[in-house]
Every structure is written in structure tokens, then in C-alpha cells.
Amino acid sequence: MPFLKSVLKQYDLVIDKLELPDGVRERLRHPKRSLVVSIPIEMDSGAIKVYKGYRVQHDITLGPSKGGIRYHPNVNLEEVTALAMLMSWKCALMQLPYGGAKGGVCCNPAVMTLKEKERLTRRFTSEIIWAIGPEEDIPAPDMNTNMQTMAWMMDTYSMLKGHTSLGVVTGKPLVLGGSLGREEGTGRGVFYMVGEAAKIMGKELKGLTVAVQGFGNVGSTAARLLFEQGSNVTAVSNSKGGIYNKNGIDIESLIQHVSENKAIADFPNVEIITNEELLTIDCDVLIPASIEGQITRYNADKVKARMIVEGANGPTTPEADRILCDRGVSVIPDILANSGGVVISYFEWVQDLQFYFWKENEIQQRLKAIMTDIFSSVLSMSQEKKIDMRMAAWILGISRISEAQELRGLYP
Ligand code: NAD
């Protein structure tokens with residue numbers, strides 16, 4: 001099922017459970033603004049290539065919109081719209097003063113040089129400049145974009161405005177107003193949520209068996225923090241496939257191995273597995289941390305993990321959710337489990353606006369407090385109403401936006 005269709009299906013399921021004022025269902029079903037831009041750039045060869053870029057602002061009832069920028073060959077308007085919608089629910093659930101947005105460029109960064117990526121980022125930023133800003137819409141990194149991409153965006157925006165604007169993007173390098181802890185924020189949040197999952201199962205992090213799909217920013221950080229606490233990370237994968245060792249993989253050495261540009265398949269003392277096999281490995285916790293649509297009606301009945309903690313956005317389809325729920329597999333949903341990134345982005349933005357920066361332990365403590373607090377609200381609602389945690393999280397997020405919409409009224 002296409003990703004947007006699957007997100008709208010989940011939306012309808014949630015709205016059916018809520019008693020909302022007339023019109024709310026329709027208003028939140030559609031993005032407020034969708035911007036599609038052409039990005040012509042000169043390649044190093046001298047040839048001119050035109051890329052397609054997107055920025056979708058789904059809802060801005062609670063504040064400026066917030067969401068990452070993705071560079072990937074599959075980026076399209078529908079995917080960006082679905083991700084923007086998820087950002088609205090995520091920001092509302094986490095009680096941040098933000099609406100939801102998402103952006104991306106359809107390109108293959110793996111075959112582009114650094115200079116080509118810089119020209120792409122700068123031209124993309126100038127094409128969407130009227131839509132972004134510290135009080136309008138604040139981009140951040142997502143798949144295949146990073147601190148350097150954010151530094152170029154911030155510089156382009158600042159040059160065109162004639163003054164340095166720290167708060168226009170988050171996920172920046174520290175020296176440009178970035179926040180301590182931002183780069184590992186999403187993975188750290190996933191790690192905190194695995195801690196909560198372990199408590200539900202009556203287990204300790206030490207000895208917990210974990211499989212991680214996607215060994216990028218989110219997956220590798222969560223895996224490393226779990227490894228440091230003595231969890232047995234038995235399987236990890238990336239887009240090329242996975243590796244498995246029933247006694248646990250030395251994640252610190254694997255991170256070092258990958259940083260030397262070596263394939264994970266060449267890591268010693270492991271069996272080679274496919275991504276499909278990774279998803280069905282017998283373990284306590286499965287962390288999908290790659291892309292959407294990985295756990296579907298075709299493989300959900302084969303998942304052997306006791307709990308799933310969603311690092312990626314939208315890794316489980318609504319059909320798979322139903323199958324997992326019937327089989328007693330609990331899912332800590334993306335909008336809660338991977339919210340560490342946007343929560344620390346919020347901290348970064350607050351620090352930028354105040355020109356006053358916090359210590360790392362303060363940031364980690366605040367992140368943990370917010371995430372565990374919202375986790376207990378989601379868990380309580382799911383237990384009281386006998387619904388799964390995704391439904392509970394969406395209800396909490398959407399109700400908050402709907403309450404704010406009602407108070408603001410409908411313009412004009
Ligand atoms: P990344 O680019 O750093 O890493 C992605 C990883 O997934 C890589 O290891 C890649 O090889 C792997 N991958 C890609 N396609 C795959 C496939 N078909 N099967 C298996 N593995 C595959 O990206 P990231 O920042 O770690 O983001 C991962 C997910 O987390 C995305 O869904 C993203 O939207 C979500 N997310 C990221 C952040 C953040 O702060 N980075 C915040 C919230 C959510």
C-alpha cells in the first residue's frame with residue numbers, strides 16, 4: 001500500500017474513535033501547503049541537471065512547522081506529505097509548540113560529489129526560502145542529510161536575508177548554534193524507549209536481545225547505547241543486507257569498521273542474513289530504523305520479537321499492526337519512539353532564540369524526562385481504552401491539535 005494511503009488509513013481509524021467537532025477530520029486530512037520546486041544545478045562535469053524538491057507544511061495550528069529534509073531517489077510528493085502529517089502528530093504528542101512539515105529532494109546522493117550536494121542544497125534552500133524561517137518552518141536532517149547540509153541551508157538563508165539566523169534549521173554543527181546531543185538524539189530516545197519496553201517485559205537492559213534494521217544515524221546510535229548497557233544486539237542490517245551472531249555483535253567495533261568504509265558483511269564472526277530474515281529473528285526487541293513499510297501483512301505473522309520499538313518513520317503498515325496486536329506483539333510507535341530528534345531540535349531552537357546554550361547532561365535529562373513522561377501517558381491510555389499504543393499516541397496528538405483549532409476558530 002502506498003505510504004500516504006497507509007497513513008490516511010490509520011488517520012481514519014483514529015478519527016473514527018474520537019468524538020471531534022465537525023470539520024476537524026477534513027481539515028487535518030489535507031496539508032496546509034505543498035511546495036514543489038525545480039532545482040537546476042551544474043554538475044562537476046559541466047552538465048546541467050534539474051532535480052525535484054518538496055516542502056510540505058501539514059499543519060501549523062500549534063506553532064511554526066518542523067520536520068526533516070530527505071535526499072533519496074524515492075522522494076515524492078505523497079511520501080513527503082505522509083511524513084509531514086506524522087510530524088504534526090509527533091510534535092503535538094510531545095507537547096512541542098510546533099506543527100508538522102517535511103521536505104526532500106528526489107536524488108541519489110550516493111553518486112553525487114560533495115560540491116554537487118552543496119549546490120543542490122543551496123539552490124533548494126533558495127527555492128523554498130519564502131516558506132521557511134525560525135518562526136515559520138524549521139527544517140532538520142533526515143535520511144542522507146546531516147549537519148553539513150544544515151550548515152549550507154543556514155548559510156544560504158542567512159546570506160539571502162542579510163543577517164545570520166541560527167534558528168532557521170536544527171541539527172546544525174555546534175559552532176553554528178547546534179545543540180549538544182542533537183546528532184544522537186533520535187537514537188538516544190529510541191534507547192530510552194527500549195528501556196521502557198524492557199520494564200513492561202519485566203527485563204533488564206543487560207542481556208536483552210535486540211535486532212536493529214538500518215545501521216545509520218538512528219539505528220547505530222540506539223544499538224551502541226544498548227550495547228554499552230550490556231544488551232545483546234544479535235543482528236543489524238543496512239540496505240545491502242544484515243549480519244547475525246546469537247551471542248551478540250560488538251557494536252563499538254562494528255561502528256569503527258563501518259567508519260572505515262568497510263561493508264558490514266565483512267565484519268568478522270557473523271552469519272550473513274537478509275533484511276527479511278532480520279525482521280523475523282527471535283529476540284526481545286526489534287528496532288526497525290531504516291525506511292517505511294518494512295513490517296507488512298506479508299511478514300507480520302513471522303515476527304518473533306516480543307516488542308517493536310519504531311526508530312524509522314512508518315515502518316509498520318496498518319494491516320501489520322492488526323496482525324501484531326492479535327499476536328500480542330506490542331509496538332512503541334514511531335511518533336513516540338523516534339521523537340528524541342525533534343525534542344532535541346526543539347531544545348536547539350530554544351537555545352538559538354535565547355543565544356544561551358545548555359550542558360549535555362541537562363539536555364539528556366530533559367529528553368529522558370519528556371519521553372518517559374509521554375510514554376506513560378500513552379501506555380495508560382492504551383491500557384484504559386484497550387487500544388494499541390499507536391492508536392493511543394495518535395489520539396493524544398490529534399486531540400491536542402483539534403482542541404487548539406477549536407479555540408482558534410476557523411479563519412475568516
Ligand atoms: P540514515 O540515512 O543515517 O540511515 C538509514 C539506514 O537504513 C542506513 O543504514 C541504510 O543503509 C538503511 N536502509 C535504507 N534502506 C534500507 C532497506 N530497504 N532495508 C534495510 N536498511 C535500509 O538515516 P537515519 O537518519 O538513521 O533515519 C532512519 C529512519 O529514522 C528514517 O525512517 C527517518 O525518517 C527516521 N528518523 C530519523 C531521525 C533523525 O534524527 N535522523 C529522526 C526521526 C526519524
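Residues numbered from 1 in each chain as written. Predicted model: local features only at pLDDT ≥ 70, side-chain atom pairs only at ≥ 80, totals over all residues. Heavy atoms only, no water.

This part covers the site of the ligand. Around the ligand, a shell composed of 22 residues is seen, among which R70, T186, N217, V218 and N313 lie nearest. In this structure, an oxygen atom belonging to the ligand sits 2.9 Å away from a side-chain N or O atom of D142. For the shell around the ligand, a count of residues per class yields six nonpolar, 13 polar and three charged. Domain assignment of the residues forming the shell around the ligand places at least three in each of domain 1 (28-176) and domain 2 (185-337). (Near = heavy atom within 4 Å. Polar contact = N/O pair within 3.5 Å; in protein donor to acceptor, adjacent residues only side chain to side chain. Nonpolar A, V, L, I, M, F, W, Y, C, P; charged D, E, K, R; others polar. Domains from an automatic or database assignment.)

Within the structure shown, the criterion is met by 28 salt bridges. For K102, the salt bridge identified is with D142, shortest N-O distance 3.2 Å. With K102 in strand β4 (residues 99-106) and D142 in the loop between β5 (137-141) and α5 (147-161), the pair connects residues that are 40 residues apart, well separated along the chain. Each member of the pair, K102 as well as D142, carries the same accessibility label: buried. With a closest N to O distance of 2.6 Å, E184 and R188 form a salt bridge. Of the residues examined, R188 reaches a relative accessible area of 12% and is grouped as buried. (Salt bridge = Lys/Arg side-chain N within 4 Å of Asp/Glu carboxyl O. Helix = DSSP H or I, 4+ residues; strand = E, 2+ residues; numbered from the N terminus. Buried < 20%, exposed > 50% of the residue type's maximum accessible area, 1.4 Å probe, protein only.)

The subject of this paragraph is the nonpolar core. Counting residues in each nonpolar core, the largest one holds 81 residues, and the members touching the most others are W89, I287 and I332. With nine residues, helix α3 (residues 77-93) is the largest single contributor of residues to this core. In this structure, this core is formed jointly by two domains, domain 1 (28-176) and domain 2 (185-337), each of which donates at least three residues. Setting aside anything within four residues of it in sequence, one finds I287 in contact with V190, V194, V210, A211, V212, Q213, A222, L226, V309 and G311. Counting 24 residues, the second largest nonpolar core, distinct from the first, contains Y51, C107, I128 and I129. (Core = buried A, V, L, I, M, F, W, Y, C linked by side-chain atoms within 4.5 Å. Contact = heavy atoms within 4.5 Å.)

In terms of domains, the protein is made up of domain 1 (28-176) and domain 2 (185-337). Between the C-alpha centres of domain 1 and domain 2 there is a distance of 28 Å. Contacts between domain 1 and domain 2 engage eleven residues on the former and eight residues on the latter. Each partner contributes to the roughly 750 Å² buried at the junction of domain 1 and domain 2, and carbon and sulfur atoms together form 61% of this total. Together, L86, K90 and L93 form the three largest contributors to the area buried by domain 1 at its contact with domain 2, with a combined 48%. For the pair domain 1 and domain 2, the number of links is one salt bridge. Its salt-bridge partner being E292, residue R70 comes within 3.2 Å of it at the nearest N-O pair. Where domain 1 packs against domain 2, one counts two residue pairs in polar contact (both at pLDDT 80 or more). Residue contributions to the side of domain 1 that touches domain 2 peak at six residues, all from α3. (Buried area = accessible area lost by both parts, 1.4 Å probe.)

The next thing to look at is the sheet that holds strand β12 (residues 330-332). By way of backbone hydrogen bonds, the strands of a sheet pair with one another, either parallel or antiparallel. Strand order in the open sheet formed by seven strands is β9-β8-β7-β6-β10-β11-β12, with mixed pairing between adjacent strands. On the outer flanks of this sheet lie β9 (271-273) and β12, each paired with one strand and no other. Neighbouring strand axes in the sheet, compared pairwise and without regard to direction, differ in orientation by 20 degrees on average. Direction of pairing for strand β8 (residues 241-244) relative to β9: antiparallel, over a ladder of three bridges. Paired with Y244 across the strands is E271, a residue of β9. (Pairing = 2+ DSSP bridges. Axes fitted to C-alpha atoms, helices over the stretch in contact; angles between N-to-C directions.)

Attention shifts here to helix α10 (residues 318-326). Three or more residues of α10 are buried, namely P318, E319, A320, D321 and L324. Contacts made by the buried residues of α10 are with α1 (3-17), β11 (307-309), β12 and α14 (389-408). Once α10 ends, the next one or two residues include G328, with phi positive near 80 degrees.

All right, on to the pairing of strand β6 (residues 209-213) then. The buried fraction of β6 is high, at five of five residues. Side-chain alternation along β6 places T209, A211 and Q213 on one buried face and V210 and V212 on a second face that is also buried. Here β6 pairs with strand β7 (residues 232-238) via five bridges, running parallel. Of the residues in β7, the one forming a bridge with T209 is N232. For the crossover that starts at β6, traverses helix α7 (residues 217-228) and ends in the parallel β7, the hand is right-handed. Across four bridges, the pairing between β6 and strand β10 (residues 285-288) is parallel. Counted as the bridge partner of V212 is I287 from β10. (Right-handed = clockwise from strand over helix to strand, strands pointing away.)

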